[in-house]
Amino acid sequence: MGILGQVLYFAVHPNQLRSIVQWKMWHEPAYTRDPSKESATLKDCFKWLKMTSRSFAMVVQELNPDLVVPVVLYYLVLRGLDTIEDDMTIALEEKEPLLRNFETILEKDGWTYDKNGPNEKDRELLVHFDDVITEFKLIDPKYRDIIKDITHKMGNGMADYANNAEHNINSVNTIEEYELYCHYVAGLVGDGLTRFFVEGSFANPALINRPELTESMGQFLQKTNIIRDVREDFDDKRRFWPKEIWSKHVDKFDDLFDPKHREAALNCSSEMVLNSLRHAEECLFYMAGIKEQGVFNFVAIPQAMAIATLELVFQNPRIFETNVKITKGDAAQLMMESSQNLRTVCAVFKRYVRRIHKKNTPKDPNFLNISIACGKVEQFIESIYPSQDPKVLAQLAKDGDSGVVVTDKAKVIDDQAKSNVFYPLLTTLGTLFFISTIMIGIAYWAGVRFDVALKELTKGSIFPNKEKILYTQQGNVIGGPPIAHGEL
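Residues numbered from 1 in each chain as written. Predicted model: local features only at pLDDT ≥ 70, side-chain atom pairs only at ≥ 80, totals over all residues. Heavy atoms only, no water.

Draft legend 1. Representation of the overall build of the protein. Regarding its fold elements, the protein presents 24 helices and zero strands. Considering the protein as a whole, with its 488 residues, one finds that 45% of them fall into the buried category. Within the protein, contacts between residues at least 6 apart in sequence are counted, and of these 72% link residues at least 24 apart. Summing over all exposed atoms, the protein offers an accessible surface of approximately 25,900 Å²; the carbon and sulfur share of this is 57%. (Helix = DSSP H or I, 4+ residues; strand = E, 2+ residues; numbered from the N terminus. Buried < 20%, exposed > 50% of the residue type's maximum accessible area, 1.4 Å probe, protein only. Contact = heavy atoms within 4.5 Å. Areas by Shrake-Rupley, 256 points an atom, 1.4 Å probe, with all protein chains shown as cover.)

Here it is, written out as structure tokens:
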């Protein structure tokens, strides 16, 4: 979308622009980089991070400063591993040993890899992987051990999947295989991060003994991305949707992308959404175990994005045509809400779960199960933050009798209402002013006679007669002598 397109979009969606402005102006990350104190290789690591994932580069700044560099290196190591696994131009004979032994590469000074295909978007990271190795050797040994352990497990899991995909046209046959793949590429990432958080005393140590909670965090993110990216993966000749699910709805996987089978494709996608939605409760449970605000923001923001994305892809035929994403304004709003506390994150989950429930249709064979899954999420949230808390109701009744606190609450609500009207109005007026300035500038450049229009208005003539308009268009000035063509 070009600049003009964005201007027009925000002109009719002022709330979207307001969210972006609020996030940019008022949110301050927990960690602010000081490049003057960084080594050249660390600066390059942040550069590769921003190149591979702008969203992660932004979220990682929410972390406690002690965790930022270890987590950045952890991400880059696993992204390098994933770049090798994703590249279909690398032969299995070369790919498999690289994946299985990638943790040993972290000890090889100067190691780089330049055999990725030219279209592999993250190939530059591996071309300069020696920067990552240099910085990896400088972090605390306890974090190095975690990174090497997860890299070893993930690399072997990816190698097993690559072997299976090489000899199996469906890539993923069963739901069990699908969840095992998600475990290797996302569940293990969450396992490593949880160990980081507990080692730094930023999370409840009990999370280590509840691996199913950590697993759900990774599974929820990965499964949502797999649903959203189905078209992009299909174009790249990759299949992650399990045959056990899609074979219930179509005969061939390719049929999902045929408009003739659109209803069946939507039913299939809703079953994939149901499979992902079942992790939502445990994700909220996990977040309740985080003790530090920066770490909470780091884990909560992606989960809020995931539930919003899941609502976006649900019953959305566009996922079979293109890659769909939530808008920047919605993303900014979600980041503001999910960087506060568990209550606001629960409110986000409740809002989007209700939207999923509203979009659910009885024609869908998964209608009942999706309704039940949505109900379970709301029930879990209600058990944590009851909307009808007897203590709160008793206090409200007491406040109402006193006639003091209720007045203050009414004032707060009134102020909030005024604020909700003022900001969109201000944004709309500002956008209209900007567009008007551009239009007037273009008109002036094109030769519009504003002096003639102003003179007519001062005379009180809002609609000049036709003769005057023609007279002016012929190059004459009203109130002066005619201009001969020879004088032009």
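Once you've had a look at it, read on.
Draft legend 2. Main features of the packing of aromatic side chains. Inspection of the entire model under this criterion finds 20 aromatic pairs. Measuring from ring centre to ring centre gives 4.2 Å for F56 and Y75, while their planes differ by 15°; the resulting arrangement is stacked. Remark: Y75 occurs in helix α5 (residues 65–86) and F56 occurs in helix α4 (residues 54–59); sequence separation between them is 19 residues. In this pair, the class of F56 matches that of Y75, namely buried. Ring geometry for F234 against F253: centres 6.2 Å apart, planes inclined by 50°, an arrangement best described as tilted. A residue pair is termed long-range when its members are at least 10 positions apart, and F234 in helix α13 (residues 230–235) and F253 in the loop between α14 (243–246) and α15 (262–277) qualify at 19 residues. On the accessibility criterion, F234 (22% relative accessible area) is partly exposed. The structure contains a cluster of three or more aromatic residues connected by ring pairs, namely F234, W241, W246, F253, F257 and F320. The positively charged end of R210 is found above the aromatic ring belonging to F285, 5.3 Å away from the centroid. Looking at R355, its charged tip hangs above the ring of Y352, at a distance of 4.7 Å from the centre. (Phe/Tyr/Trp six-rings, centres within 6.5 Å; stacked < 30°, edge-to-face > 60°. Lys NZ or Arg CZ within 6 Å of the ring centre and 35° of its normal.)

Draft legend 3. A look at a nonpolar patch on the surface. Together, F434, I438 and I442 line one region of the surface with nonpolar side chains, adding up to about 270 Å² of accessible area. Structurally, I438 is set in helix α22 (residues 405–445). (Patch = residues over 30% accessible without salt bridge, like charges linked within 9 Å, V, L, I, M, F, W, Y side chains within 5 Å. Salt bridge = Lys/Arg side-chain N within 4 Å of Asp/Glu carboxyl O.)

Read these as geometric descriptors, not functional statements.
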